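# Tertiary structure, described
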Amino acid sequence: KVTRNYADRWVDTEMNTFIEDLWKEYDKELNIPVGTLSYDMIIKPNASEPSSSIICRFQECTLGNLCADSFKEVLVADLAMINGGDIRVNLLQGNLTRKNIIEVVPFFSTVVLNQCSGQTILDALEMSVSRLPNSFGGFLQVSGITFDVNTLISSPVKTDAEGMFVNITGKRRISNVKINGIVLDENKKYNISMSEYLSLGGDGYSMFSQCKLIDQSIYAESDALIYYISNDLNGEIPSKYKYEEGRINIDEQFKEIYESRNESIKYFRKFLILTM
């Protein structure tokens, strides 16, 4: 019996041993160098905090930007999305190995390319921010797209009993949506790179069933990130990923609400500002 995220859990010790032996068996492959990082990319200030404290689940995060960019580049898409719940641990400065990257995005859903309408993108973004100011594993980290969020507006998203998106009924929280700097056209088709998990409706994103599958890559999420760092970034994660870039602009009221509920993040962010 163990306690994780403030809840009691039970561990199968035989399965744990089996998994540990697998890690050891592939130790050589896992420790192949990928690149270097000259600063820490923090998404969770304290390992003992629940997963809901991971900032990628309620706002733009630097690791989310890096992961989404890797999806966009590996399949040459107009834009890319990754659910914040797929990003699990901090990436710390130093030499990076395959194992480090797999620990960041440990789910082996492949990266796919879908052709979707602008309307579908708008619905997906509304689904993404529907639970703010609460944390949501389906909160989307994005590449090639920017938008504003007004959390003072009640979410217009309607879901079914299983949490799947149904429709929009009311004023949208999302506004000022741009694809690579150009205002989104609801009727235009865009190529979106995302995990197969999202493509198949994971985290309630049923609207993606309306999209056309263009390419099914051989890359798992971690493979895409490894390739992007090793090749597109020439093995060195640049300083542009040190800070959020304003891809997702949430109103100040939201920030006040969330920081008042989560003191560890509030003070950790102040610490980062003072020490940078």
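Residues numbered from 1 in each chain as written. Predicted model: local features only at pLDDT ≥ 70, side-chain atom pairs only at ≥ 80, totals over all residues. Heavy atoms only, no water.

### Topic: the confidence of the model for the chain
For the record, the criterion: A score between 0 and 100, pLDDT records how confident the predictor is in each residue. Contacts between residues were defined by any pair of non-hydrogen atoms, one from each residue, lying within 4.5 Å.
Taken over all residues, the pLDDT of the chain has a mean of 90, while the share at 70 or more is 89%. Every residue in residues 271-276 is under pLDDT 50, and counting partners more than four places away or in other chains gives 1 contact.

### With respect to the packing of helix H3 (residues 62-74) against helix H7 (residues 221-232)
Rule in force here: Here, axes are lines fitted to C-alpha atoms. For helices the fit covers the stretch in contact, and angles between N-to-C directions go from 0 to 180 degrees. What counts as a helix is a DSSP run of H or I of at least four residues, what counts as a strand is a run of E of at least two, and both are numbered from the N terminus. Orientation is classified from the angle alone, with under 35 degrees giving roughly parallel, over 145 giving roughly antiparallel, 65 to 115 giving roughly perpendicular, and any other angle giving oblique. Under the scheme applied, nonpolar residues are Ala, Val, Leu, Ile, Met, Phe, Trp, Tyr, Cys and Pro; charged residues are Asp, Glu, Lys and Arg; polar residues are all the others, including Gly.
Where H3 meets H7, the closest approach of the two axes is 8 Å, and the angle between their N-to-C directions is 85 degrees. With respect to their mutual orientation, H3 and H7 come out roughly perpendicular. Along its contact with H3, which presents Leu-66, Cys-67, Asp-69, Ser-70, Phe-71, Glu-73 and Val-74, the element H7 presents Glu-221, Ala-224, Leu-225, Tyr-227, Tyr-228 and Asp-232. In the contact of H3 with H7, the residues fall into 8 nonpolar, 1 polar and 4 charged.

### Examining the nonpolar core
The following threshold applies: Residue types Ala, Val, Leu, Ile, Met, Phe, Trp, Tyr and Cys, when buried and joined through side-chain atoms within 4.5 Å, form a set referred to as a nonpolar core. Three exposure classes are used, based on accessible area relative to the maximum for each residue type with a 1.4 Å probe and protein chains only: buried under 20%, partly exposed in between, and exposed over 50%.
Within the largest apolar cluster, 70 residues are counted, with the highest numbers of intra-cluster contacts made by Phe-147, Phe-208 and Ile-237. If we skip the residues at most four places from it in the chain, Ile-237 touches Thr-36, Leu-37, Tyr-39, Met-41, Leu-66, Leu-91, Leu-96 and Ile-229.

### Brief notes about the sheet that holds strand E8 (residues 145-149)
Put simply, the test is: Here, any two strands with at least 2 DSSP bridges between them count as paired.
The mixed open sheet is built from 4 strands, whose spatial order is E12-E11-E8-E15. Lying at the two open borders of the sheet, with one neighbouring strand each, are strand E12 (182-183) and strand E15 (248-250). In this structure, E8 lies alongside strand E11 (residues 174-179), joined through 4 bridges in antiparallel fashion. Paired with Val-149 across the bridge in E11 is Ile-174.

### Considerations on a negative patch on the surface
We apply this condition: Grouping into patches uses exposed residues only, defined as over 30% relative accessible area, and leaves out salt-bridged ones; the cut-off is 9 Å for like charges and 5 Å for nonpolar side chains (Val, Leu, Ile, Met, Phe, Trp, Tyr). In these tables, accessible area is a Shrake-Rupley quantity obtained with a 1.4 Å probe, and a residue counts as shielded only by the protein chains included in the view. Here a salt bridge means any side-chain nitrogen of Lys or Arg lying within 4 Å of a carboxyl oxygen belonging to Asp or Glu. Asp and Glu are treated as the negative residues and Lys and Arg as the positive ones, with His and the ends of the chain left uncounted. For charged residues, the charge sits on one atom: NZ in Lys, CZ in Arg, CG in Asp, CD in Glu.
Together, Glu-20, Asp-21, Glu-25, Asp-27 and Glu-29 make up a negatively charged patch on the protein surface. Looking at the negative patch, the elements that each hand over two or more residues are helix H1 (13-25) and helix H2 (27-30). Top element by residues in the negative patch is H1. It accounts for 3 residues. Residue placement: Glu-20 occurs in helix H1. What makes Glu-20 partly exposed here is its relative accessible area of 43%.

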